[in-house]
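These are the residues of each chain, in order.
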Amino acid sequence: MNSDTPLQLLGGLTAREFMRDYWQKKPLLVRQAFTDFESPIDADELAGLALEEEVESRIVIEHGETPWELRRGPFTEETFGTLPERDWTLLVQSVDQFVPEVAELLEHFRFLPSWRIDDVMISFATPGGSVGPHFDNYDVFLLQGHGKRNWKVGQMCNSDSPLLEHPDLRILADFEQSDEWSLEPGDMLYLPPRLAHYGVAEDNCLTYSVGFRAPSAAEVLTHFTDFLSQFLTDEERYSDADAQPVSDPHQIQHDALGRLKSLLNEHMGDERLLLTWFGQFMTEPRYPEMVAGEALSEEELIDSLEQGAIIIRNPSARMAWSEVDDNLLLFASGQSRLLPGELRELLKLICSADALHAENLAQWLGDEASLELICELIKQGSLGFANE
Ligand code: SIN
Ligand code: CO
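Residues numbered from 1 in each chain as written. Chains lettered and ligands numbered in written order. Predicted model: local features only at pLDDT ≥ 70, side-chain atom pairs only at ≥ 80, totals over all residues. Heavy atoms only, no water.

Draft legend 1. A look at helix 9 (residues 344–352). Restricting attention to buried positions, one finds in helix 9 the residues Leu-346, Leu-347, Ile-350 and Cys-351. Summarising the axial view, the buried residues of helix 9 lie within an arc of 130°, below the 170-degree limit, and thus occupy one face. (Buried < 20%, exposed > 50% of the residue type's maximum accessible area, 1.4 Å probe, protein only. Helix = DSSP H or I, 4+ residues; strand = E, 2+ residues; numbered from the N terminus. Arc of directions from axis to C-beta.)

Draft legend 2. Representation of the coordination of the cobalt ion (ligand 2). In this structure, His-134 (NE2), Asp-136 (OD) and His-197 (NE2) serve as the protein donors to the cobalt ion (ligand 2), at separations of 2.0 to 2.1 Å. As a motif over one chain, the donors of the cobalt ion (ligand 2) read H-x1-D-x60-H. A residue pair is termed long-range when its members are at least 10 positions apart, and Asp-136 in the loop between strand 5 (117–125) and strand 6 (140–146) and His-197 in strand 10 (residues 195–201) qualify at 61 residues. Of the residues examined, Asp-136 reaches a relative accessible area of 27% and is grouped as partly exposed. (Donors = N, O, S within 2.8 Å, 3.2 Å for Na, K, Ca; no water.)

Draft legend 3. Representation of the state of the cysteines within the structure. Tallied over the entire structure, the rule returns zero disulfides. For the unlinked cysteine Cys-351, the closest cysteine sulfur is that of Cys-375, found at 17 Å. (Disulfide = S-S within 2.5 Å.)

Draft legend 4. Main features of the pairing of strand 11 (residues 205–212). The buried count for strand 11 comes to eight of eight residues, which makes it a mostly enclosed element. Of the two faces of strand 11, both are covered, the one formed by Cys-205, Thr-207, Ser-209 and Gly-211 as well as the one formed by Leu-206, Tyr-208, Val-210 and Phe-212. As defined by bridge partners, strand 5 adjoins strand 11 across eight bridges and the pair is classed as antiparallel. Residue pairing for strand 11: Ile-122 is matched across the bridge by Tyr-208. Relative to strand 11, strand 6 is paired through six bridges, and the arrangement is antiparallel. Bridge assignment links Leu-143 to a residue of strand 11, and that residue is Tyr-208. (Pairing = 2+ DSSP bridges.)

Draft legend 5. Focus on the site of ligand 1. Neighbouring ligand 1 are Leu-91, Met-121, Ser-123, Val-131, His-134, Asp-136, Arg-149, Trp-151, His-197 and Ser-209. Within the side chain of His-197, an N or O atom sits 3.2 Å from an oxygen atom of ligand 1. If you list the elements that add at least two residues to the shell around ligand 1, you get strand 5 and strand 7 (149–156). Classifying every residue of the shell around ligand 1 gives four nonpolar, four polar and two charged. (Near = heavy atom within 4 Å. Polar contact = N/O pair within 3.5 Å; in protein donor to acceptor, adjacent residues only side chain to side chain. Nonpolar A, V, L, I, M, F, W, Y, C, P; charged D, E, K, R; others polar.)

Draft legend 6. Just the domain arrangement of the protein, in detail. Taken domain by domain, the protein holds domain 1 (8–212) and domain 2 (288–385). The straight-line distance from the C-alpha centre of domain 1 to that of domain 2 is 34 Å. Between domain 1 and domain 2, the residue contacts involve eight residues of the former and six residues of the latter. Where domain 1 abuts domain 2, roughly 520 Å² becomes buried across the two surfaces, and 45% of that area is made up of carbon and sulfur atoms. Three residues stand out in domain 1 for area buried against domain 2, namely Glu-54, Gln-97 and Trp-115, and they jointly supply 58% of the buried area on that side. Ionic pairing is found between Arg-318 and Asp-118, a salt bridge with its closest N-O pair at 3.3 Å. Viewed at the interface, domain 2 and domain 1 are joined by two residue pairs in polar contact (both at pLDDT 80 or more). (Domains from an automatic or database assignment. Contact = heavy atoms within 4.5 Å. Buried area = accessible area lost by both parts, 1.4 Å probe. Salt bridge = Lys/Arg side-chain N within 4 Å of Asp/Glu carboxyl O.)

Draft legend 7. Spatial organisation of unusual backbone geometry. Here Gly-73 and Pro-74 are connected by a cis peptide whose omega angle stands at 0°. Within the fold, Pro-74 resides in the loop between strand 3 (67–72) and helix 3 (77–81). Phi is positive for Gln-24, which is not a glycine, with a value near 65°. Relative to the assigned elements, Gln-24 resides in the loop between helix 1 (15–21) and strand 1 (28–30). We classify Gln-24 as partly exposed; its relative accessible area is 42%. One non-glycine residue, Ser-333, lies in the positive phi region at around 50°.

Draft legend 8. Inspection of the pairing of strand 2 (residues 57–63) at higher detail. For strand 2, the buried fraction is high: five of the seven residues fall into the buried class. Pairing of strand 2 with strand 4 (residues 88–92) involves five bridges; the strand directions are antiparallel. By the bridge assignment for strand 4, Val-60 is matched with Thr-89. Here strand 2 pairs with strand 3 via five bridges, running antiparallel. Bridge pairing links His-63 to Pro-67 in strand 3. Between strand 2 and strand 3, which pair antiparallel in sequence order, lie three residues.

Dropping the structure here:
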C-alpha cells in the first residue's frame, strides 16, 4: 500500500499524514469514510451471536436494576424479550472472527500493523443507548454501521480521572465536552487513547469499533521476564567477585546496584529473545480454543492441493513475521518458528493471502521446508482447509 495515496477512509488524508498528525494524538471525524455503507450484519444477527457460548458479549442498561446495569453474555432469547424500550446497548466483541464480511473491513486498515489490531466490536443500541462517558486506553476507529449516533468527545484522561462508583464499568464522573457530531452510516470517528468520549444512540443503531491493542509496561515487564527466566539457569546469580571489604555490613552500597543493573541489562538487552517474546505475545489468539488443527503429512497436503483444496487462515489466528540476521521468524498464534531467508515470499503470502491453493503455492510445493511449514501451521490450527 502506498502511504502517500489520499485515502477515502481517512477523509482524503494519506496514511502518512494521518499517522503524523492524528494517530495517538487527536480525534479525526471522517464523513463517508465508506460510501453507501451497508452493515454486513443486522441487529438480529448480532443478538444471535450474543447467544453463543464462545462469543464475548455485554448489555449495558442505563436505567436497569441498578444505574448503568451491566449484564454479561452469553444471553438467551428471553433476555432480549425483557429489555426496556430504550436506553440500552448490546456490545459483541471480536465479530470479525465470526463474520468474514466484518473481517474484510480490516483490509482498509492495512497501513497499520495487523498485530496492533485487537478486534472489531459491534454494538447495537436502542434510542438513548450508551455505555456512558468513558475513556479507553487504546486507539479506536468508530464506524457508524446503521442508524445515527451522537458522539461527544471531551478531555484527555488518565488513571487519576475521577470515575463513578461502579463495580464493573469505568464511567467518568466529569465529562468536559470539547466537540460533538452526529454520525450516519459510513461516517467514522478516530479516537486516540485516553480521550474521553460519550456516544448516545439517536435511533436504533449499530456502531463498529475497530479496536487496537498495546501491551502495558507492566504486561511487557512481567511477561517478558517470565519468558526470559525459562532460559536462565539457577547458577546465574548476583555475583561480586570484584567486591571490597565493607565498612558498615548493614549498608547496601551503590556498587551492588551496579552489579544488578549489569545482570538485568545482559538479559533484558537480548534483542533476539525480546523479538521472539514480543512476536509470540502479540500473536496469542484471543480465543485459543478456536485455534486447533490436525496432523497432516506432506504427501496428504500435496494431494489435497492437487485436488483443488483451498487453505485459509483461521480467523481466530494471529500471524506476523520478522527478520533475524539472514533468517526469518514466523509468529503464529503465540508460537514462533525460525526459517531460512529464502522463505520470505512464502511467509508474506501466508500472512496476507485470502486463500492458499495449488496455483499461488506452486513454486513452494517442491520445497521440503515450505511443505513442512504449511503442515505445521495446519496442525497448529493457524491455517485450515476451507469448507471442512
Ligand atoms: C459503543 O459502541 O457503544 C461503545 C464504543 C466505545 O465507546 O468504545
Ligand atoms: Co470507548
